[in-house]
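# Coordinate analysis (summary)
Here are the chains, one letter per residue:
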Amino acid sequence: MPDKPKYYLTTPIYYTNGLPHIGHTYSTIVCDTIRRYKRMRGYDVVMTTGTDEHGVNVERSAKKAGVPESEFVAKMAAEWRALWDELGVQGDEFIRTTDLKHAHTVQWLFKQFRDNGFVYPGHYTGQYCIYDNAYVDVKPGENCPDCGRPTETVTEANFYFKLSAFQKPLLDWYVKHPDFIQPEARRNEVLSFVEGGLRDLSITRTSVRWGIPVPGEEPHVFYVWFDALTAYLSAVGGPQYEKTGFWPADLHLVGKEIIRFHAVYWPAFLMAAGLPLPKQVWAHGWLLMDSAKMSKSLGNVVRPRPIVHVLGMDALRYYLLRETVFGQDGNFSYDALVQRYNSDLANGLGNLASRTAAMIEKNSGGKIPKPAAFQPQDTALATKAQEAIGEVLEQYDKLGFSLALEEIWSLIAATDKYLTTEHPWSLGESEADQQRRATILWTTAEVLRIATILTHPVLPESTTKVWSLLGQRGQPASVALDGLRWGQLAAGTSLGKSQPLFPRIEKAEAIERMEAMEKEAQNAPSPVTAPAIPSAPAAGSAAAAAASQATPEKIGIEDFAKVEMRVGQIKTAERIVGADKLLKLTVDIGTEIRQICAGIAQFYEPEKLIGRKVAVVVNLAPRKLRGVESNGMIVAASVGPEGRPVLAGFPDEDVEIGARLK
Ligand code: ME8
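First things first, this report covers the structure right here in the doc.

## With respect to the site of the ligand
Taken together, 24 residues lie near the ligand, and I13, S27, D52, E257 and L287 sit nearest. In this structure, an oxygen atom belonging to the ligand sits 2.9 Å away from a main-chain N or O atom of G255. At 2.7 Å, a backbone N or O of L287 approaches a nitrogen atom of the ligand. The protein chains hide 95% of the 670 Å² of surface that the ligand would expose on its own. Looking at the shell around the ligand residue by residue, the class counts come to 13 nonpolar, eight polar and three charged.

Following this line, the structure appears as structure tokens:
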């Protein structure tokens, strides 16, 4: 078998002095989608993401947190990595710029172009933006022209890279490779920047300590952009890149504000070292919040976790790719997010999957029926599905995610319409009716199979559930997109287990919960001292406190009397979408019915709790857990190292509801 073609793509290497928001999430999810898509097209894909950990900004953030830089960046990098795991991002390489192999690559690359005569010692005096890590052409006291934050005056000895020597080679390269910079607007911007002349670039610093040392030239450390860009190469072999076969990169995907670093400096460094240049730099637009770029400095960020907890990771992935035309700026709004979730996911794909499965279950004993003669309306839907395959692949190839998804959802809408006009549910039991129904149900299931495969790169979690619901073997990820055709659904296949896909959610409640969690996250201390979103306590914070091993200070009876505990009876119990640990309970405490959230979902089945008598702290101030109001606390013991909650109760006594515990 011939070797699979290789495909290498990268996200930016993100700064560790902040935590990811959905702007970063956007770039990463796009790359993850491309990665999944390319695999399904038969490529051997490597995707790199990682963290940019050096520089003066990190040096200062670590100092502020009172920890060594190495500890600071290790904790932040772990946060970034954990988030990508939660979002189902399948990065193959997570490169940290503090990795040893990376330092070797940076030092090696520098040596290559120094040996080639493109480095000379010099002195820089000018303004520097520590947030963008950019030398900026403004006067002392003026702000950074890119991010608007204050600049600092730097006077230091450094080594310069002869960027000016690459004006012509770069312009020639852009002409010869018209697709090197995408989209067109960014290409034009870069072209006019380079045509305007290039000044040599300082690539080492002596007033910064936290960086990769320049061998034999201490105290010089490398300029962070030279350091970070080189991470793309370190991840796939560094000096031994030829062995891995993944260099040059096929695609560097970045936000538009860092196009110059990727489309000018990076290719110039590589040319100077005599290395192959990446094939494409794609600079996408920004996610805006109230018309401004979402960014930590403006404080208008939205984090991905609350969205994932309330709506699921696929909902966020779908929204980001569907709502914004790739390349352009897009506005983020919770309202539009929940709207899309309910209309496209719950009522669209989710509803089609569950109603198709229910009809097959009812009419065909849970097996995909065998179609009989096709009528023109069946063939018309088949043609639409077959055409959608070609159109969607073409759009994915062009990174036209929103159009690809639009096409798939138009197919879903056509199928809903087909079901309404063909109404298989009203057909009778005659031989002809049974055959007609079998044809309609097979056709519908076949559209669902095709839509599932086509959507898989964007919605990996839910399409895997639909795939097994349709009784298909293996994973949708292993289906070869090139072989996808209408008509491959085998009759007689038994349906798999139905799993919840996109439960409908009330918009106001969903938004309230996401906003409450966002606020919780923003008020949380830095992860260098505590987790970003604290996990839900076992059965309320007092239970967690009770689990503490420390010997508590003695309290007087009057202190204990402050805690009002009463016998309560659980009336209802339900799970909370997006909060795996919590149950929402209503509890009769004698004088009223209270809503209380308890962190016991992993250990207690909701239906088995109904009627159970429990001890309730009734005078605890109300608060929100995962955005759901909780008015009181159920008392539980915390057992074993994992803190398993065991509800305190009254199994042998007939205690009155509302009785006080003393
Ligand atoms: O620039 N909308 O790191 P960074 C869309 N370390 N994308 C956004 C965004 C928004 N509002 N905000 C951030 C750096 N991004 C350097 C990169 S690469 C060798 C070094 C995304 O943490 C977008 O991809 O500031 C942007 O380019 C990147 O995050 C900036 O991440």
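Still more ground to cover, so stick around.
## Some points on the packing of helix 12 (residues 334-364) against helix 14 (residues 401-422)
Two elements in contact, helix 12 and helix 14, have axes separated by 11 Å at closest approach and are oriented at 45°. Considering the angle they form, helix 12 stands oblique to helix 14. Between helix 12 and helix 14 lies a crossing of left-handed hand. In this structure, helix 12 uses D344, L345, N347, G348, L349, L352, R355 and M359 to contact helix 14, whose residues at the interface are W409, I412, T415, D416 and L419. When its residues are assigned to classes, the contact of helix 12 with helix 14 shows seven nonpolar, three polar and three charged.

## Overview of the environment of K662
Structurally, K662 is set in the segment after strand 25 (660-661). Taking relative accessible area as the criterion, K662 reaches 84% and is therefore assigned exposed. Between the C-alpha atoms of K662 and R305, which are 357 residues apart in sequence, the distance is 41 Å.

## Here's the deal with the state of the cysteines
With the rule as written, the count across this model stands at zero disulfides. Cysteine C129 shares no disulfide, and the gap to the nearest cysteine sulfur, in C147, comes to 3.7 Å.

## Quick word on the packing of helix 13 (residues 376-397) against helix 14
Packed helices, taken two at a time, are described by the angle between their axes plus the distance between the axes. Helix 14 packs onto helix 13 with a crossing angle of 170° between their chain directions and a minimal axis gap of 8 Å. By the angle between their axes, helix 13 is roughly antiparallel relative to helix 14. Along its contact with helix 13, which presents Q377, D378, L381, K384, A385, A388, E391, V392, Q395 and Y396, the element helix 14 presents F401, L403, A404, L405, E407, I408, S410, L411, A414, T415, Y418 and E422. Classifying every residue of the contact of helix 13 with helix 14 by side-chain character gives 13 nonpolar, four polar and five charged.

## Focus: empty space enclosed by the protein
Taken as a whole and assessed by the stated rule, the structure comprises three cavities of 30 Å³ or more. Taken as a whole, the second largest cavity spans an internal volume of roughly 60 Å³. Taken together, 13 residues line the second largest cavity, and the ones lying closest to its centre are G55, R205, V208, F222 and V224. Residues belonging to the lining of the second largest cavity are distributed by class as follows: eight nonpolar, four polar and one charged.

## Focus on the sheet that holds strand 7 (residues 181-182)
Overall, parallel pairing links the six strands, which are arranged 3-2-1-11-12-7 in an open sheet. Strands at the two margins of the open sheet, each flanked by one partner only, are strand 3 (93-96) and strand 7. With four bridges connecting them, strand 2 (residues 44-52) and strand 3 associate as parallel partners. By the bridge assignment, G50 is partnered in strand 3 with I95. Strands in contact with helix 1 (residues 22-40) are strand 1 (6-15), strand 2, strand 11 (251-255) and strand 12 (281-284); relative to strand 1, the strand with the most contacts, it is inclined by about 170°. Sheet strands touched by helix 3 (residues 69-86): strand 1, strand 2 and strand 3. Its angle to strand 3, the strand with the most contacts, is close to 160°.

## Some remarks on the pattern of salt bridges
Inspection of every chain in the model, using the stated rule, returns 40 salt bridges. The partner of E93 in a salt bridge is K101, and the shortest N-O contact between them spans 3.7 Å. Look at E93 and you get partly exposed, because its relative accessible area is 26%. When the shortest N-O distance is used, the salt bridge between E605 and R575 registers 3.6 Å. Of this pair, E605 sits in the loop between strand 18 (593-598) and helix 20 (606-609) while R575 sits in strand 16 (residues 565-576), and the two are 30 residues apart along the sequence.

## Comments concerning the packing of aromatic side chains
Tallying each qualifying case throughout the model produces 37 aromatic pairs. Their ring planes at 55° and their centres at 6.3 Å tell us that Y26 and F326 sit as a pair that is tilted. You can see Y26 sitting in helix 1 and its partner F326 sitting in the loop between helix 11 (313-323) and strand 15 (330-331), a full 300 residues away along the chain. Looking at F326, the relative accessible area reads 9%, which means it is buried. Between the aromatic rings of Y232 and W266, the centroid separation amounts to 6.3 Å while the plane-to-plane angle is 65°, which identifies the pairing as edge-to-face. With Y232 in helix 7 (residues 224-234) and W266 in helix 9 (residues 259-273), the pair connects residues that are 34 residues apart, well separated along the chain. You can call W266 buried: its relative accessible area is 0%. Pairwise contacts between aromatic rings join F110, F113, F118, F159, F161, F166, F222, F226 and F269 into one cluster.

## Considering helix 10 (residues 304-311)
For helix 10, the buried fraction is high: seven of the eight residues fall into the buried class. Among the residues making up helix 10, those that are buried are P304, R305, P306, I307, V308, V310 and L311. Considering only its buried residues, helix 10 is in contact with helix 1, helix 3, helix 11, helix 12 and helix 17 (507-523). Following helix 10 by one or two positions, G312 adopts a phi angle in the positive range, close to 95°.

Rules used in this analysis
- Residues numbered from 1 in each chain as written.
- Predicted model: local features only at pLDDT ≥ 70, side-chain atom pairs only at ≥ 80, totals over all residues.
- Heavy atoms only, no water.
- Near = heavy atom within 4 Å.
- Polar contact = N/O pair within 3.5 Å; in protein donor to acceptor, adjacent residues only side chain to side chain.
- Areas by Shrake-Rupley, 256 points an atom, 1.4 Å probe, with all protein chains shown as cover.
- Nonpolar A, V, L, I, M, F, W, Y, C, P; charged D, E, K, R; others polar.
- Axes fitted to C-alpha atoms, helices over the stretch in contact; angles between N-to-C directions.
- Helix = DSSP H or I, 4+ residues; strand = E, 2+ residues; numbered from the N terminus.
- Parallel < 35°, antiparallel > 145°, perpendicular 65-115°, else oblique.
- Left-handed = near helix turned anticlockwise from the far one by under 90°.
- Contact = heavy atoms within 4.5 Å.
- Buried < 20%, exposed > 50% of the residue type's maximum accessible area, 1.4 Å probe, protein only.
- Disulfide = S-S within 2.5 Å.
- 1 Å grid on protein atoms, 1.4 Å probe; cavity = no way out; pocket = protein on both sides within 12 Å on 5 of 7 lines; lining within 4 Å.
- Points joined across faces, edges and corners; volume = space filled by probe spheres on them.
- Pairing = 2+ DSSP bridges.
- Salt bridge = Lys/Arg side-chain N within 4 Å of Asp/Glu carboxyl O.
- Phe/Tyr/Trp six-rings, centres within 6.5 Å; stacked < 30°, edge-to-face > 60°.

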